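Chain residues, written in single-letter form:
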Amino acid sequence: MNDLAGKHIVLGLTGGIACYKSAELCRALIKEGATVQVVMTEGAEHFITPVTMQALSNRTVYHSQWDAREANNMAHINLSREADAILIAPASADFMAKLLHGRADDLLSLMCLARPIESVPLLIAPAMNREMWAHPATQRNVVQLQSDGAQVLGVGVGEQACGEVGDGRMLEPAELLQELVAFFQPKVLKGQRVLVSAGPTYEAIDPVRGVTNLSSGKMGFAVARAAREAGAEVTLVAGPVALATPRGVQRIDVRSALQMQHAVQAEAGEASVFIATAAVADWRPASMAEQKIKKDGSGQPPTLSFVENPDILASLAQSTRARSGALLCVGFAAESEALQANAQAKRLRKGVPLLVGNIGPATFGQDDNALLLVDEQGTRELARSDKLSLARQLVCEIARHLKTDFFQKT
Ligand code: C5P
């Protein structure tokens, strides 16, 4: 994908061992379509050379406010006026303290102070030892920087270069990339709380076997990511899948349909939107054998009996909150034929205002999909594309539904 196509990012590096990750970050930004101008402090140059950053960004690196390459000798003005965003990664404790006071004795701090605050966002990825991060001075500075209009992206937890373990690591390049991409997405779900169900369920037959399906969870995870990018607070109830949690999304792992129902019901009271992408098993074994069911040599397979699982979506769509318009329920339908007719019928049967149809065998496990949106007005096709792009389009459609009279928040 080219989520940063046309964006010009000023990537600022300050002194910290996390500078080694900024090389990877620079590559990732460029791969995503951005152009990158690197600006380094003197401290950063102790950790990584400008040569590395120049080679990766394909632009000469700036570090001095006296840089004679600029005809007007105002690198701080010129560089900040060209930027769509300034990302400081890593941001040292000292640099954050400096920004906070509006000090400007090197090019990077000068440029941050000189940036047009309304049009050039400043994103900060702190990196420091856990004690430095936890220090009241740093925490105070984070709060103040945020109220001065910067976005502080948070830190990772884990082993630190100093050998200690805790908060304060710089976020990984892939996480920072996700944050930057999210930053540029329109905030059409700001203020909403979105609950998403995703993946298959697993219905145990005995301790080693069960009934499941081929849902990979990719569409649901993409929907959760897109909703978070659009400014919503997102909870993702996930069946057994091997996927990374999208940044900023709260994830609850479940296995069976009953567990999924329990988790969804517990979260639904707080939600304003429920998007049911999960491929919930229709039936589960009537009882789970406590021990592994063994062959008995007779050649007779065991007889399994099944009971129907509750319909999580239909029962939520029937709830008082959904009927009063406080909870917008969106369903998915994985069909194998006659998509339009089946999806329209399913929308009515489930009692949901918006149903998203797709062809199951053509999407399970794939990275792309094609969707058919079905609502009261009719149907609309979303052409085959990667799942994240489709999820973003779906999120816009959901935002449009939220704006209609019926779904105005009570
Ligand atoms: O009936 P069907 O399984 O085709 O319906 C699909 C839609 O209903 C999806 O949105 C799915 O997440 C939801 N569903 C559910 N609970 C079930 C079965 C389906 O929430 N037991």
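1. A short note on the site of the ligand
Okay, step 1: For the ligand, the full set of nearby residues is Ala276, Ala278, Val280, Asp282, Pro310, Asp311, Ile312, Leu313, Gly331, Phe332, Lys346 and Lys350.
Okay, step 2: Here an oxygen atom of the ligand sits 2.8 Å away from a polar atom, N or O, in the main chain of Phe332.
Okay, step 3: Across the complex, the protein chains shield 87% of the 450 Å² of accessible surface that the ligand would expose by itself.
Okay, step 4: Counting residues per element, the ones that place at least two in the shell around the ligand are α12 (312-317), β16 (328-335) and α14 (339-350).
Okay, step 5: Partitioning the shell around the ligand into residue classes produces 7 nonpolar, 1 polar and 4 charged.

2. Digging into the sheet that holds strand β17 (residues 354-359)
Okay, step 1: Spatially, 8 strands are ordered β12-β11-β8-β13-β16-β17-β18-β19 in an open sheet, and the strand pairing comes out mixed. On the outer flanks of this sheet lie β12 (250-253) and β19 (378-386), each paired with one strand and no other. On average, each strand axis in the sheet is inclined to that of its neighbour by 20°, with strand direction left out of account.
Okay, step 2: Both β17 and strand β18 (residues 368-375) contribute to a ladder of 3 bridges, which runs antiparallel. Residue pairing in the sheet places Gly357 in a bridge with Leu372 of β18.
Okay, step 3: Packed onto the sheet, helix α10 (residues 218-229) meets β8 (193-198), β11 (233-238), β12, β13 (273-276), β16 and β18 and runs at close to 170° relative to β11.
Okay, step 4: Contacting β8, β11, β12 and β13, helix α11 (residues 257-268) runs over the sheet at an angle of about 175° to β8.

3. So, the nonpolar core
Okay, step 1: Of all hydrophobic cores here, the largest spans 36 residues; its most connected members are Leu189, Val194, Val196, Val234, Ile275, Leu394 and Ile398.
Okay, step 2: Among the secondary structure elements, those contributing two or more residues to this core are β8, α10, β11, β13, β16, β17, β18 and α16 (387-403).
Okay, step 3: Among residues more than four places away in sequence, those in contact with Ile398 are Val273, Ile275, Leu328, Val330 and Leu354.
Okay, step 4: If you look at the next biggest cluster of nonpolar residues, it comprises 32 residues, including Leu11, Ala18, Leu29 and Ile48.

4. Some points on unusual backbone geometry
Okay, step 1: Here the bond from Ala89 into Pro90 is cis, since omega is 5°, no more than 30 degrees from zero.
Okay, step 2: Turning to its location among the elements, Pro90 is positioned in strand β3 (residues 85-91).
Okay, step 3: A positive phi angle, close to 60°, is found at Asn58, a residue other than glycine.
Okay, step 4: In this structure, Asn58 sits in the loop between α3 (50-57) and α4 (75-82).
Okay, step 5: With relative accessibility at 70%, the residue Asn58 sits in the exposed group.
Okay, step 6: Unusually for a residue other than glycine, Asn73 sits at a positive phi of about 55°.
Okay, step 7: Its place among the elements puts Asn73 in the loop between α3 and α4.

5. A short note on the domain arrangement of the protein
Okay, step 1: Per the domain assignment, the segments of the protein are domain 1 (8-184) and domain 2 (193-408).
Okay, step 2: A separation of 39 Å is found between the C-alpha centroids of domain 1 and domain 2.
Okay, step 3: In total, about 600 Å² of surface goes out of reach between domain 1 and domain 2, with carbon and sulfur atoms giving 42% of it.
Okay, step 4: When the area that domain 1 buries against domain 2 is broken down by residue, the three leading residues are Gln178, Glu179 and Ala182, summing to 71%.
Okay, step 5: Here Arg247 and Glu175 are joined by a salt bridge, their closest N and O atoms 3.5 Å apart.

6. Side note on a nonpolar patch on the surface
Okay, step 1: On the surface, Ile17, Tyr20 and Phe47 cluster together to form a nonpolar patch covering roughly 350 Å² of accessible area.
Okay, step 2: Topologically, Ile17 is positioned in the loop between β1 (8-13) and α1 (19-31).

7. Considerations on the packing of α4 against helix α6 (residues 107-114)
Between two packed helices, both the angle of their axes relative to each other and the distance between the axes serve to describe the pair.
Okay, step 1: The contact between α4 and α6 brings their axes to 8 Å, and the two run at 55°. Comparing the axis directions of α4 and α6 gives the class oblique. Regarding α4 and α6, the two cross each other, and that crossing is right-handed. Residue-level inspection shows Ala75, His76, Ile77, Leu79, Ser80 and Arg81 of α4 in contact with α6, the latter providing Leu107, Leu110, Met111 and Ala114.
Okay, step 2: Of the residues belonging to the contact of α4 with α6, the class tally is 7 nonpolar, 2 polar and 1 charged.

8. A look at the pattern of salt bridges
Okay, step 1: Scanning the entire structure with this criterion turns up 26 salt bridges.
Okay, step 2: With a closest N to O distance of 2.6 Å, Lys98 and Asp105 form a salt bridge.
Okay, step 3: Accessibility expressed as a relative area gives 11% for Lys98, which makes it buried.
Okay, step 4: When its relative accessible area of 44% is taken as the criterion, Asp105 is described as partly exposed.
Okay, step 5: A salt bridge links Arg247 to Glu179; the shortest N-O distance between them is 2.7 Å. Here Arg247 is found in the loop between β11 and β12, whereas its partner Glu179 is found in helix α9 (residues 173-183), with 68 residues between them in sequence. By the burial criterion, Arg247 is buried, and Glu179 matches it.

9. A few points about the pairing of strand β6 (residues 156-159)
Okay, step 1: Direction of pairing for β6 relative to strand β7 (residues 165-169): antiparallel, over a ladder of 4 bridges. If you follow Glu159 over to β7, its bridge partner there is Val165.
Okay, step 2: In sequence, β6 turns back onto β7 through a hairpin of 5 residues, with Gly163 there showing a positive phi of about 100°.

Conventions and cut-offs
Residues numbered from 1 in each chain as written. Predicted model: local features only at pLDDT ≥ 70, side-chain atom pairs only at ≥ 80, totals over all residues. Heavy atoms only, no water. Near = heavy atom within 4 Å. Polar contact = N/O pair within 3.5 Å; in protein donor to acceptor, adjacent residues only side chain to side chain. Areas by Shrake-Rupley, 256 points an atom, 1.4 Å probe, with all protein chains shown as cover. Helix = DSSP H or I, 4+ residues; strand = E, 2+ residues; numbered from the N terminus. Nonpolar A, V, L, I, M, F, W, Y, C, P; charged D, E, K, R; others polar. Pairing = 2+ DSSP bridges. Axes fitted to C-alpha atoms, helices over the stretch in contact; angles between N-to-C directions. Contact = heavy atoms within 4.5 Å. Core = buried A, V, L, I, M, F, W, Y, C linked by side-chain atoms within 4.5 Å. Buried < 20%, exposed > 50% of the residue type's maximum accessible area, 1.4 Å probe, protein only. Domains from an automatic or database assignment. Buried area = accessible area lost by both parts, 1.4 Å probe. Salt bridge = Lys/Arg side-chain N within 4 Å of Asp/Glu carboxyl O. Patch = residues over 30% accessible without salt bridge, like charges linked within 9 Å, V, L, I, M, F, W, Y side chains within 5 Å. Parallel < 35°, antiparallel > 145°, perpendicular 65-115°, else oblique. Left-handed = near helix turned anticlockwise from the far one by under 90°.

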